[in-house]
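Spelled out from the first residue to the last, the chains are:
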Amino acid sequence: MSEQPSRALHHLDLWVGDLERAVDEWGWLLGELGWEIDLPGTSWCHPDGTYLFVEHSPDQHDAAYDRMRAGVNHLALCTDSRALLDRIRAESTAHGWHEMYADRYPHAGGEQHTALYVESSEGFEVEVVLMD
């Protein structure tokens, strides 16, 4: 039996309203964090094997995503580089992301927690956490 890499999450599926825009936004952010394209235009894979898939499904309802309703509030991704965290912050707006809690960067989650909070054009919140 071969040993599988350790990971806590197998995959994540995001249903999006605008697939082309989501691919641009998520593709940039995930690429910056070391994820590689798995299936062009639909999925990215982290070095640990976790993958994220975006799609616009014909089964979707036409209601806008609202992270404040019951369901997933946000996704937290990791980085081990403060320089990368700062660069993502500086470049995120040009790639469709809106910085949240900018006045409290990098400690919006508390003094002992270093992170960047961004929101996609569709309202998906991502917390990029600096892992020491």
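Reading the values: rules and limits
Residues numbered from 1 in each chain as written. Predicted model: local features only at pLDDT ≥ 70, side-chain atom pairs only at ≥ 80, totals over all residues. Heavy atoms only, no water. Phe/Tyr/Trp six-rings, centres within 6.5 Å; stacked < 30°, edge-to-face > 60°. Helix = DSSP H or I, 4+ residues; strand = E, 2+ residues; numbered from the N terminus. Buried < 20%, exposed > 50% of the residue type's maximum accessible area, 1.4 Å probe, protein only. Core = buried A, V, L, I, M, F, W, Y, C linked by side-chain atoms within 4.5 Å. Contact = heavy atoms within 4.5 Å.

*Asks:* Sorry, what's going on with the packing of aromatic side chains here?
*Replies:* Each aromatic ring pair is characterised by the separation of its centres together with the angle its planes make. Overall, the coordinates contain four aromatic pairs when judged by the stated rule. Ring geometry for Trp26 against Trp97: centres 5.1 Å apart, planes inclined by 80°, an arrangement best described as edge-to-face. Of the two residues, Trp26 sits in helix H1 (residues 19–32) while Trp97 sits in the loop between helix H2 (82–91) and strand S6 (98–100), which places them 71 residues apart along the sequence. The two residues Trp26 and Trp97 agree in class, both being buried. Note on Tyr101 and Tyr117: the rings are 5.3 Å apart at their centroids and 85° apart in plane angle, and the pair reads as edge-to-face. Residue Tyr101 is located in the loop between S6 and strand S7 (115–119), and its partner Tyr117 is located in strand S7; the two are separated by 16 residues in the primary sequence.

*Asks:* So what exactly am I meant to see when it comes to the environment of Gly41 here?
*Replies:* Mapped onto the fold, Gly41 is located in the loop between strand S2 (36–39) and strand S3 (43–45). As a C-alpha pair, Gly41 and Arg89 span 48 residues in sequence and 24 Å in three-dimensional space.

*Asks:* Got a minute to help me understand unusual backbone geometry in this structure?
*Replies:* Leaving glycine aside, a negative phi is the common case for residues, and trans is the common case for peptide bonds. Cis peptide bonds are those with omega within 30 degrees of zero, and the linkage from Tyr105 to Pro106 qualifies with 0°. Residue placement: Pro106 occurs in the loop between S6 and S7. A positive phi is found at Tyr101, a non-glycine position, where the angle reads about 55°.

*Asks:* How do you make sense of the nonpolar core when you look at a structure like this?
*Replies:* In summary, soluble globular proteins display a tendency toward joint burial of nonpolar side chains. Trp26, Leu29, Leu33, Leu52 and Val126 are the most contacted members of the largest nonpolar core, which has 26 residues in total. Mapped by element, the contributors of at least two residues to this core are H1, strand S4 (51–55), strand S5 (74–79), H2, S7 and strand S8 (125–130). Looking at this core element by element, the count peaks at six residues for H1. Residues within four places of Leu29 in sequence aside, it is in contact with Ile88, Trp97, Val126 and Val128.

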